[in-house]
Amino acid sequence: MIDTAAVAAEKFDDETVVLHFESGRYFSLGGAASWIWQAFEQPNDVATLATAAPGGALGPALADIERFVAELEALKLLLPVSGGAASAPLAPAPELWAAPSLEVFSDLSDLIALDPVHEVDAMMGWPRRPDPGIG
């Protein structure tokens with residue numbers, strides 16, 4: 001399941017952009033990744049997604065889904081779903097399966113990871129980055 005406390009996502013046409021608040025990194029999801037991300041907006045597991053993908057659970061999509069979900073969990077974008085979780089209805093899988101892709105961007109991570117509510121200084125303004133030697 002998506003860690004909604006840690007991320008925000010928006011779908012633009014065939015791409016989904018995900019922002020991870022703590023790290024400040026953002027991600028571009030391409031190929032079947034948008035469909036997989038959408039499926040995890042509700043409780044679902046890899047087996048349910050694989051069954052709905054072209055070719056079913058025995059098709060080539062299973063390895064793609066497993067790899068991509070492991071990557072999302074490692075990046076702390078998804079929370080692991082324990083086996084036996086109730087599955088939710090899925091949007092139709094892409095008919096032309098394109099392996100899910102993930103691009104990671106960290107060029108704005110320092111700015112995104114700032115806490116704008118608390119990192120304000122009367123003299124320096126907002127946002128004020130904390131001194132690296134403090135804390």
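Presented here is an overview of the structure given in this document. (Residues numbered from 1 in each chain as written. Predicted model: local features only at pLDDT ≥ 70, side-chain atom pairs only at ≥ 80, totals over all residues. Heavy atoms only, no water.)

### Observations regarding the environment of Ile65
Step number 1: Along the chain, Ile65 falls in helix 3 (residues 61-74).
Step number 2: Once residues within four sequence positions are removed from consideration, Ile65 is found in contact with Trp35, Ile36, Val46, Leu49, Ala50, Ala53 and Trp97. (Helix = DSSP H or I, 4+ residues; strand = E, 2+ residues; numbered from the N terminus. Contact = heavy atoms within 4.5 Å.)

### So, the side chain of Asn44
Step number 1: Note on placement: Asn44 falls in the loop between helix 1 (33-39) and helix 2 (46-52).
Step number 2: Here Ala39 takes part through its backbone oxygen, which lies 2.7 Å from a polar atom of the side chain of Asn44. (Polar contact = N/O pair within 3.5 Å; in protein donor to acceptor, adjacent residues only side chain to side chain.)

### Details of the sheet that holds strand 4 (residues 101-105)
Step number 1: Spatially, 4 strands are ordered 1-2-3-4 in an open sheet, and the strand pairing comes out antiparallel. Edge strands, defined here as strands with exactly one partner in the open sheet, are strand 1 (7-12) and strand 4. Going across the sheet, the axis of each strand differs from the next one's by a mean of 20°, ignoring polarity.
Step number 2: As paired strands, strand 1 and strand 2 (residues 15-20) are joined by 6 bridges and run antiparallel to one another. Among the inter-strand pairings, Val7 is bridged to a residue of strand 2, identified as His20. (Pairing = 2+ DSSP bridges. Axes fitted to C-alpha atoms, helices over the stretch in contact; angles between N-to-C directions.)

### A word on helix 3
Step number 1: Between its terminal C-alpha atoms helix 3 stretches 20 Å, which fits the 20 Å expected from 14 residues at 1.5 Å a residue.
Step number 2: Of the positions making up helix 3, those classed as buried are Ala61, Asp64, Ile65, Phe68, Val69 and Leu72. Mapping the buried residues of helix 3 onto a view down its axis gives an arc of 120°, with all of them on the same face.
Step number 3: The inward-facing, buried residues of helix 3 contact strand 3 (26-30), helix 1, helix 2 and strand 4.
Step number 4: Lys76 sits one or two residues past helix 3 and shows a positive phi near 65°. (Expected span 1.5 Å × (residues − 1). Buried < 20%, exposed > 50% of the residue type's maximum accessible area, 1.4 Å probe, protein only. Arc of directions from axis to C-beta.)

Function-wise, these values are silent; they only describe arrangement.
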